[in-house]
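# Residue-level structural notes
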Amino acid sequence: MGYFEIGVLWLIVTIIRIDAATSADGIQAECLGNMVQFILPSSLSAGSPLEVYAVNNTQTVLLTPHLAAQCGYTQKSDPWGNTIVSASLKSCFAENQGDQEFKVTIQVKFSDFPMLSEKVIEAVKSCSYTAVSREILCETNFMEVSVRNAIPEVKKAAVKEWPTVIPNLQLSTIILYTPGEKSFDRETLQGMGYYVYSSPTRLVMRSPYSMAETFVQHVDDVDMMVFKSVVLFRDRWMMAIVESAAACPTNGASVVGQKISWNFPLHITPLVSSEVQILEVHMGIDGKRLTPEEMSSRSYGMIFTESHVVVEIPIGAPGGYYKSHALENQYHISYTIEPMLELLWIEGLDKTVYKVLFPITTPLKPFPPQITDNTQPQKKVFDVLLGYFLPDVVLLNITFGSELLTLSEIIINGISLQKQSFPNGTNAFTLQVPFSKPYVQVKTLRPDKRTYFLPLVFGFIILPEHESFSHFTVLEASISDIALPRAGGICNQDIFNISVKYGSTPRSQLKIKLGQVELNDEVLQQYEHHSNETHFNIVVPFLAPLVALESVQLTGVLGRIDVELYDTLNNLQIKDFSLGCTFFVKMSECFSNGTITVVLPKLESVPRLFPGELSLRDPACTPFYNEDHFAYFHFDVTTCGTTRTFVGDTMTYENEVTWKTDEPLPQTSKLNPKSEFRFTVSCVYSTNSTQSMMSHAVPHFKEPQTDVGKGELTVSLRLSQDMVYRLFHHDGDYPVLKFLKQPLYFEVGMDHSMDSRIAVGLENCWATLTKDRESKPKWDLIVDGCPNPKDPDQTIIHPVIEDDKVDIPDHIKRFEVKTFTLREDDGSSKSEDATVARRVFVHCDVVICHAENTADGRCYKQCAANQIGSTSNRGNDLNSTKLKEMHFIHPEGINTRRLLVLYNIELKSHVAVADDVVNLWTCSVTNHMIAL
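What counts as what
Residues numbered from 1 in each chain as written. Predicted model: local features only at pLDDT ≥ 70, side-chain atom pairs only at ≥ 80, totals over all residues. Heavy atoms only, no water. Pairing = 2+ DSSP bridges. Helix = DSSP H or I, 4+ residues; strand = E, 2+ residues; numbered from the N terminus. Disulfide = S-S within 2.5 Å. Buried < 20%, exposed > 50% of the residue type's maximum accessible area, 1.4 Å probe, protein only. 1 Å grid on protein atoms, 1.4 Å probe; cavity = no way out; pocket = protein on both sides within 12 Å on 5 of 7 lines; lining within 4 Å. Points joined across faces, edges and corners; volume = space filled by probe spheres on them. Nonpolar A, V, L, I, M, F, W, Y, C, P; charged D, E, K, R; others polar.

### What about the sheet that holds strand E55 (residues 630-636)?
- Read from one edge to the other, the open sheet built from 4 strands follows the order E52-E53-E55-E54, with strand pairing classed as antiparallel. Edge positions in the sheet fall to strand E52 (588-590) and strand E54 (625-626), since each has one partner strand and no second.
- In terms of strand pairing, E52 meets strand E53 (residues 595-601) through 3 bridges, oriented antiparallel. Within E53, the residue paired with Ser588 across the bridge is Val598.

Structure representation (structure tokens):
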């Protein structure tokens, strides 16, 4: 025997004795024929652990499940938390007076405050009951049979009447049928878990279900658990035999649709040996008989066939209850009801009362929660009801997106969560979540609507088993409050003016593509643009790389710019917009001196064509000048395979600009399905025209004289948009953005003068950091009429030829300057803080010469061949493509002997990259007057 150390524990025990049908504590006690039932309300223990004890005069014993089945007690709970204790009147601890008066006592123990005080309530119920010859009770956890123990009376034989003698019979042997025979004594049998009770008038045998000595017998399609015995009583000279048997159904119930059908055999062969007469049949629920009126009000039915009594109960009918279950993380329910059948039959002279309590539980049925969406999108609050759940379901938490919150945390976060109860006993939960919460996602699935999403996972447990399950749902609400981004634009002279209105889409969320290029800071610095919180505008020259040139005609170019708006957050293309315009620019010109010029841009329809690969009919006649997007031809009508035809008084010169390749063009090319490109150039001249000229002869003996006079010449400096000097920037175009090493095309020209005797010459051009043309540091661009010999690739002087734009080539000088990185005279990078704004000024000395005086080196400077009109690629590799912004300022002074054309550039912002400073130039040119 073990020993245990027991500590001192102060425990206050309060015992309350109750002997009433309904006590002050709410305990109900009721006699139900050969049973007594106690109902302990849930309020009694208030959720504390509850223990039930059986009591008799001498002992108090805790009713464990095993002891309860052996001694005739049943304990169960209903969904509302009530505890129901049932006991046979012939239970182990019942007080029995003559097998007619019975008293059953139980104790209920629970703690008001754990380890501090203990409360004990004792409930007592007395019942009067007279049993018939045999009574069989089939409870949910045991089988019981009680039979009359008829011990004979014996008289002594004598002359006189002998007194009556009652034999002293003692129970000696118990034989159980399994169905074979096994013999036991009482102590052994009770040690195995059975119960045997014998009085002068009754024998009681009790067995839990599924004991080793019980067996199953099939009776009219119903399996019956059979407990069968023979008990031998002995005296010295007498023996009595008492047979007993109990048979209880283990199946027979089925569910068809919304109805439960319980089939019970009328002729229970393990209990009867011949036909019996059934005297009474009663139906009940939870051990209580029901009247026919009560059965009708609950829609119960009882039907008799030749072999069975059939009990019909609608699923959900009063008397039963629903129970929650979790199966594979899904919510299920079942319906449980405990019907009772009580039969009274007679066989010979003996009557039998047969009572069976048969719990029936329907198969699990999925019962997915339902979402009732009461959201009014205009209020910008999700308002939903989630239901419906049985009372044994408890909501533990909710996961919002990826954030799990307990119920208390939900309230703290400003989310409304309420529980609602309904008359049918179910519960639901109302949840209100503002759209503004961070876990609410906002997307634009349709261009005209903003859609709010909220993924939710509700976490539940089921009591008392603590099974868990969850329910996932996504709340969704849409609001038509979106002003979609809009793109538009117009064409003005030689530019596209594109505007975008953001609408309700934040600028940071909107991606804008022009052509095939997405606008970013690097791209935007190349173009004039303006933006605010609501709008964006950009100006794109029609010859910019963003523009798709569709076709070239003799009268101009058809250009198109495509605009695409894309919502990056919602992965949604919002708007496609295309603006196409015809720019009336002559692509070919014919001159009276018999020369032809052609400018051809790269076309969208011929994506693999590179301008440098173009040629005239004579393949040797390649472009005079070309870049990635242009080719410029200049040729004489008598060269390059030009043909001539006469029609009437005109002659037509014609040539073709062609491109041929062995590679086939894409099938999508509609204009040029073959691997060939042709552009026809025609010039028409009159063969029969007369031009008159007036002359006046002066006698040779007269010396020519010249009058001294005064006049003014206007000289201007302009910046061209292209390398062929066809389009020039206007005052409103600035700032014009350029990349590092990207060329600026300057033209110095004399305006409004038709005097062919005058020529313009460039002497020197340089850049400074101040308005003072003599300030230091200084960077030379043109020195003594030629590009700076220290950096000849920086400046290129272009030849000027006569065309429809140029009447007198000597009046114009053209040069190209690549945007450069400014350095100090010592060659080191500028040490000034790159974040400080500064200005750059470019100065030029221009001289006016007599055109016929070719010996004047100032106007006709001979430079190295590689310094004039070179078309080779120049410049070092770029270490950055970031841009700076510069602004031209008005010139400060004029040299009186030589025409000084001065333009200034002010550096307004710049970015330091490695050791270089990258410059963006914008030009503003002012014309100047000079007195000769």
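### Topic: the state of the cysteines
- Per the counting criterion, the structure on display carries 6 disulfides.
- Disulfide pairing is shown between Cys31 and Cys127; the S-S distance is 1.8 Å. The S-S bond linking Cys31 to Cys127 shows a torsion near -85°; that makes this disulfide left-handed. With Cys31 in strand E2 (residues 28-32) and Cys127 in strand E10 (residues 117-128), the pair connects residues that are 96 residues apart, well separated along the chain.
- Between Cys138 and Cys248 runs a disulfide, and the two sulfur atoms are separated by 2.0 Å.

### Re the sheet that holds strand E18 (residues 202-208)
- Taken in spatial order, the 8 strands of this open sheet run E17-E18-E12-E11-E31-E30-E24-E25, and their pairing is mixed. The open sheet has two edge strands, strand E17 (195-198) and strand E25 (288-289), and neither has a second partner.
- By the bridge criterion, 8 bridges tie strand E24 (residues 277-285) to strand E30 (residues 339-347) in an arrangement that is antiparallel. Its bridge partner being in E30, Gln277 is matched across the sheet by Ile346.

### Quick notes on the pairing of strand E31 (residues 350-357)
- The buried fraction of E31 is high, at 6 of 8 residues.
- Alignment of strand E11 (residues 134-138) against E31, held across 5 bridges, turns out to be parallel. By the bridge assignment, Ile136 is partnered in E31 with Tyr354.
- Judged from the 8 bridges that link them, E30 and E31 form a sheet pairing that is antiparallel. Looking at E31, one finds that Trp345 is bridged to Thr352.
- Linkage of E30 to E31, two consecutive antiparallel strands, is achieved through a turn of 2 residues, within which Gly348 is found at a positive phi near 70°.

### Comments concerning the environment of His629
- With respect to the helices and strands, the residue His629 is situated in the loop between E54 and E55.
- With 19 residues separating them along the chain, His629 and Phe610 place their C-alpha atoms 7.7 Å apart.

### Regarding empty space enclosed by the protein
- With the rule as written, the count across this model stands at 3 cavities of 30 Å³ or more.
- If you add up the space inside the largest cavity, you get close to 100 Å³.
- In terms of lining, the largest cavity is formed by Phe542, Leu543, Val585, Lys586, Met587, Val599, Phe630, Asp722, Val724, Arg726 and Leu727.
- Across the lining of the largest cavity, the residue classes tally to 8 nonpolar, no polar and 3 charged.

### Considering the layout of surface pockets
- Roughly 1,200 Å³ of internal volume is contained in the second largest pocket.
- Along the walls of the second largest pocket sit 42 residues, with Lys76, Ser77, Asp78, Pro79 and Asn82 positioned nearest its centre.
- Sorting the residues of the lining of the second largest pocket by element identifies strand E3 (35-40), strand E6 (73-77), strand E7 (83-88), E25, strand E28 (321-327) and strand E29 (330-337) as the ones contributing at least two each.
- The biggest single contributor to the lining of the second largest pocket is E6, with 4 residues.
- Here the lining of the second largest pocket is composed, by residue class, of 16 nonpolar, 15 polar and 11 charged.

### A few points about the pairing of E2
- Alignment of E2 against E3, held across 5 bridges, turns out to be antiparallel. Paired with Cys31 across the bridge in E3 is Val36.
- The hairpin turn running from E2 into E3, its antiparallel successor, is 2 residues long, and Gly33 in that turn takes a positive phi close to 70°.

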